Amino acid sequence: MGLRKIQFIVFLIVPIVNFGTSFFFSSAFSDDDKVLIQPAGYAFAIWGPIFLGMLIYSWFQLRPGRVESPQLKTATISGIAAGLASIAFVPISYTDIQWLSLVNIIWHLIALIMLFLALRQQILLETDSKTSWFYIPSQMYLGWICAATAISVALAITEVGLSPNIDTQVIFTVAIIGVLTALGVFMTKQRGLIIPIVFIWALIALIVENGQYAPIKYASVVAIIVLTLAVGYKLIKGQRLSY
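Residues numbered from 1 in each chain as written. Predicted model: local features only at pLDDT ≥ 70, side-chain atom pairs only at ≥ 80, totals over all residues. Heavy atoms only, no water.

We now examine the overall build of the protein. Within the protein one finds 9 helices and 0 strands. Along its sequence from the N terminus, the protein presents helices and strands in the succession α-α-α-α-α-α-α-α-α. Relative to the 2.2 N^0.38 estimate, which gives 18 Å for 243 residues, the radius of gyration of the protein is 18 Å and therefore close to what a compact globule would have. Across its three principal directions, the C-alpha atoms of the protein cover 55 × 45 × 25 Å. Here the protein, with 243 residues, has 50% of them falling under the buried criterion. Summarising the internal contacts of the protein: among those between residues at least 6 apart in sequence, 85% fall at separations of at least 24. In the form shown here, the protein has an accessible surface area of approximately 11,700 Å², with 73% of it arising from carbon and sulfur atoms. Taken together, the 14 basic and 10 acidic charged side chains of the protein have centroids lying 21 Å from each other. (Helix = DSSP H or I, 4+ residues; strand = E, 2+ residues; numbered from the N terminus. Rg over C-alpha atoms; globule rule 2.2 N^0.38 Å. Buried < 20%, exposed > 50% of the residue type's maximum accessible area, 1.4 Å probe, protein only. Contact = heavy atoms within 4.5 Å. Areas by Shrake-Rupley, 256 points an atom, 1.4 Å probe, with all protein chains shown as cover. Lys, Arg positive; Asp, Glu negative; His and termini not counted. Charge placed at Lys NZ, Arg CZ, Asp CG, Glu CD.)

Written as structure tokens, this is what we have:
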């Protein structure tokens with residue numbers, strides 16, 4: 001229970017740090033280089049539901065009735081690690097050092113993969129049928145960090161002086177779309193339907209931002225169709241959205 005209290009406190013602090021800085025400082029991202037894998041700005045509003053969801057998730061984990069297990073402990077430690085990564089990202093973003101931001105994103109990614117794996121096992125032990133709904137934010141978080149990893153890699157490449165031309169950037173972006181599509185389909189087979197839904201959100205915003213490039217537009221449309229069909233098929237077969 002002690003670790004879960006720490007997790008709750010961490011996710012209380014996360015939105016305060018991430019959103020509170022905007023009252024005192026200008027955006028840390030306004031002068032970032034533009035890369036074609038980056039979606040329209042409105043897509044990043046997903047952080048609001050993610051942070052609120054993770055706060056609700058951590059509150060739920062404090063409630064009596066949780067089944068104690070090594071998986072729950074691992075999930076809690078992983079959740080704390082992800083929350084700390086989010087807090088650390090704020091000062092890192094103001095350094096404008098992209099490789100440092102990439103390290104932070106990888107920190108996020110590892111923590112959230114461990115959280116996903118632990119919760120996927122923990123849900124099998126839980127007796128409360130509502131538990132899977134409270135676990136949804138963890139998949140939203142992982143899905144968005146997967147997408148953010150591609151953006152961070154592109155920005156880090158630009159920072160080291162590699163400035164590919166537009167044609168190369170388009171090819172890179174289409175390749176990343178392919179990877180996200182394959183990953184999304186794979187996650188539908190791992191009881192992670194929320195993750196491809198987050199990818200669809202990102203891909204729609206990518207079309208809005210960079211739809212003037214035909215390969216990016218059409219690759220995104222195909223990816224959205226494939227992911228929608230994959231999720232729809234699993235739902236028809238009776239699989240839950242979350243775990």
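Packing of helix H2 (residues 47–62) against helix H6 (residues 136–159) brings their axes to within 8 Å, and their N-to-C directions diverge by 140°. Classified by the angle their axes make, H2 and H6 are oblique. Considering only the axes of H2 and H6, their crossing is left-handed. On H6, the residues that touch Trp47, Pro49, Ile50, Gly53 and Met54 of H2 are Pro137, Ser138, Met140, Tyr141, Trp144 and Ile145. Class assignment of the residues belonging to the contact of H2 with H6 gives a composition of 9 nonpolar, 2 polar and no charged. (Axes fitted to C-alpha atoms, helices over the stretch in contact; angles between N-to-C directions. Parallel < 35°, antiparallel > 145°, perpendicular 65-115°, else oblique. Left-handed = near helix turned anticlockwise from the far one by under 90°. Nonpolar A, V, L, I, M, F, W, Y, C, P; charged D, E, K, R; others polar.)

A general trend in soluble globular proteins is that nonpolar side chains are found buried together. Within the largest apolar cluster, 65 residues are counted, with the highest numbers of intra-cluster contacts made by Ile37, Ile50, Tyr141 and Trp144. Elements supplying a minimum of two residues to this core: helix H1 (2–20), H2, helix H3 (70–95), helix H4 (98–122), H6, helix H7 (166–188), helix H8 (194–210) and helix H9 (214–236). In terms of residue count, the dominant contributor to this core is H6 (13 residues). Look past the residues within four positions of tryptophan 144 in its chain and what remains in contact with it is Pro39, Ala43, Phe44, Ile46, Trp47, Ile50, Val198, Trp201 and Ala202. (Core = buried A, V, L, I, M, F, W, Y, C linked by side-chain atoms within 4.5 Å.)

It is worth spelling out the packing of H7 against H8 at this point. It is the contact of H7 with H8, at a shortest axis distance of 8 Å, that shows an interaxial angle of 155°. Here H7 is positioned roughly antiparallel relative to H8, judged by the angle of their axes. The handedness of the crossing between H7 and H8 is left-handed. On H8, the residues that touch Thr173, Ile177, Leu180, Leu183, Gly184, Met187 and Thr188 of H7 are Ile195, Pro196, Phe199, Leu203 and Leu206. For the contact of H7 with H8, the class distribution of residues is 9 nonpolar, 3 polar and no charged.

A rise of 1.5 Å per residue sets the reference length of H6, with its 24 residues, at 34 Å; its end C-alpha atoms lie 35 Å apart and thus fit the reference within 8%. Of all the 24 residues making up H6, 20 are buried; the element is thus mostly covered by neighbouring parts of the structure. (Expected span 1.5 Å × (residues − 1).)

Turning next to H3. For H3, which comprises 26 residues, the first-to-last C-alpha distance of 38 Å matches the rise-based estimate of 38 Å (1.5 Å per residue) to within 8%. In the structure, H3 departs most strongly from a straight axis at phenylalanine 89, where the bend amounts to approximately 30° and where the proline proline 91 lies between one and four residues downstream. Two residues or fewer after H3 comes aspartate 96, characterised by a positive phi angle close to 60°. (Bend = angle between axes of the 7 residues up to and from the residue.)

Within the fold, glutamine 61 resides in helix H2. Glutamine 61 sits 15 residues away from threonine 76 along the chain, and the two C-alpha atoms are 8.6 Å apart. Those residues within four positions of glutamine 61 in sequence are excluded, and the remaining contacts are Arg4, Gln7, Arg66, Leu72, Leu119 and Tyr135.

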